[in-house]
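Structure at a glance
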Amino acid sequence: MNESIHTASIPVGVVGLGLMGCSITTCLLIAGHPVVAIAPLPADMETAEPRIREHLAKAFQKGLITNSPQAYLDQLTITEDYGFLKDSRVIMECTLENVAIKKSVYEKIEAVVAEDALITSNTSAIPISLLQQQVQLPARFLGLHWSEPSHTTRFLEVICGEQTDVQVAEWLYALAHQWGKEPTLVRKDIRGFIANRLMYAMYREAFNLVENGYATVDDVDRACRNNTGYWMTLAGVFRWMDLTGVAAYHTVMKDLFPTLSNETEVPTLIDDIVKAGGKGVSNAHGFYDYTPEEAKLWQETYEEFSYDIRQLALKYPADVVKKKLAPEDDGGS
Ligand SMILES: NC(=O)c1ccc[n+]([C@@H]2O[C@H](COP(=O)([O-])OP(=O)(O)OC[C@H]3O[C@@H](n4cnc5c(N)ncnc54)[C@H](O)[C@@H]3O)[C@@H](O)[C@H]2O)c1
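Reference entry: report on the structure contained in this document. (Residues numbered from 1 in each chain as written. Predicted model: local features only at pLDDT ≥ 70, side-chain atom pairs only at ≥ 80, totals over all residues. Heavy atoms only, no water.)

Moving on, we get to the sheet that holds strand β8 (residues 184-186). Spatially, 8 strands are ordered β3-β2-β1-β4-β5-β6-β7-β8 in an open sheet, and the strand pairing comes out mixed. The outermost strands of the open sheet, each flanked by one partner alone, are β3 (76-79) and β8. Put simply, the sheet's adjacent strands are angled 20° from each other on average, direction ignored. Sheet analysis places strand β5 (residues 118-121) next to strand β6 (residues 141-146), joined by 3 bridges and oriented parallel. (Pairing = 2+ DSSP bridges. Helix = DSSP H or I, 4+ residues; strand = E, 2+ residues; numbered from the N terminus. Axes fitted to C-alpha atoms, helices over the stretch in contact; angles between N-to-C directions.)

Have a look at this one:
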């Protein structure tokens, strides 16, 4: 599908070098792009290079890359000077989830890049059509929603805003296959895009079950991990219904849908945790309590799992059955 796309001849830029900016930079380096990474804050200049180096070292250790980390770092320029973005064909904005900050960054990007360079935002939840109102050339602006850690995950949403040129989105969708992604093209802007809308529908019901005493947090989690979570790397919701019998779902929906939560307020359970300063494993206080050792081990286990689940996902790509039927086509599309 993408054999005409040569990443080495497509310079790209990343703006914002926090958690996601660093792993997105790592992903793009691994994919073969020359990358200019802009540090909007002086502090990023101190932290970004060691973080990216560490990601690459781990990727090397895990066999995700075979060249030395230095070979990739040679393709990376980290700077505070937006002028270095001049030749970039695609820019990934990964700054704080704040429209005013993102707008100020777009002004600096648009001042230096070519008119046909694409500008993308990794926003989690700001509508792309709203961000398009902050730029001068909205047709070349779109959402690219990554998931952490971006150099191991297969997820990516390519999101069109109201004014996005769909051809531009289709080209980016094709390019994203070169980044090791199995992307989703979101053709019409909607708040939360696809994956978050699905996830938040499930979060809402999880809070409903716990807050109303049907099950505890860890019982809900266990059910989720061993049912929903167990098969999702192979099959999405629609394939799952096909695999397990569509008619039964039709019957259950009729009676179950009216009983599901349609609560619109933020649940008290999460409100209390956040107001008490709880952040989750990062400060050992979330829905579960952690000792500092447990919190650290959960973070490490999460990273280790991201490599293991990636192996499984690669074994079962979306076209796994097509490939089994026509193995000679392997690698051709
Ligand atoms: N963390 C995730 O798992 C995740 C997942 C999907 C999308 N996102 C989105 O990605 C974006 C970045 O998230 P993150 O988790 O990397 O955040 P982060 O807090 O780790 O990094 C934020 C970065 O924003 C930049 N920044 C901060 N203040 C700035 C300013 N005044 N002007 C310009 N730049 C500034 C800096 O480079 C900083 O390192 C957000 O829009 C977030 O919603 C995050």
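For the structure on display, the rule yields 6 aromatic pairs. Note on Tyr200 and Tyr203: the rings are 4.9 Å apart at their centroids and 85° apart in plane angle, and the pair reads as edge-to-face. Here the residue Tyr200 and the residue Tyr203 both occupy positions in helix α7 (residues 195-211), the gap between them amounting to 3 residues, near one helical turn. Ring plane angle 55° and centroid distance 5.8 Å describe the contact between Phe207 and Phe287, whose orientation is recorded as tilted. With Phe207 in helix α7 and Phe287 in the loop between α12 (268-275) and α13 (292-315), this pair connects stretches of sequence that are 80 residues apart. Judged by relative accessible area, which is 15%, Phe207 ranks as buried. Take Phe287: its relative accessible area is 42%, and that puts it in the partly exposed class. (Phe/Tyr/Trp six-rings, centres within 6.5 Å; stacked < 30°, edge-to-face > 60°. Buried < 20%, exposed > 50% of the residue type's maximum accessible area, 1.4 Å probe, protein only.)

Here we come to the site of the ligand. Leu19, Met20, Asp44, Glu97 and Ser124 are the nearest of the 21 residues found near the ligand. Between Lys102 and the ligand, the recorded distance is 3.0 Å, taken from a side-chain N or O atom to an oxygen atom. Contributing elements (two or more residues each) for the shell around the ligand: α1 (19-30), α4 (99-110) and β6. With 3 residues, α4 is the single largest residue contributor to the shell around the ligand. (Near = heavy atom within 4 Å. Polar contact = N/O pair within 3.5 Å; in protein donor to acceptor, adjacent residues only side chain to side chain.)

Counting 42 residues, the largest nonpolar core has Leu28, Met92, Trp146, Leu172 and Trp179 as the members making the most contacts within it. Not counting residues within four places of it along the chain, the set of residues in contact with Leu28 comprises Val12, Val14, His33, Val35, Met92, Trp146 and Trp179. Judged by nonpolar contacts, the second largest core, of 20 residues, contains Ile38, Tyr106, Ile128 and Phe193. (Core = buried A, V, L, I, M, F, W, Y, C linked by side-chain atoms within 4.5 Å. Contact = heavy atoms within 4.5 Å.)

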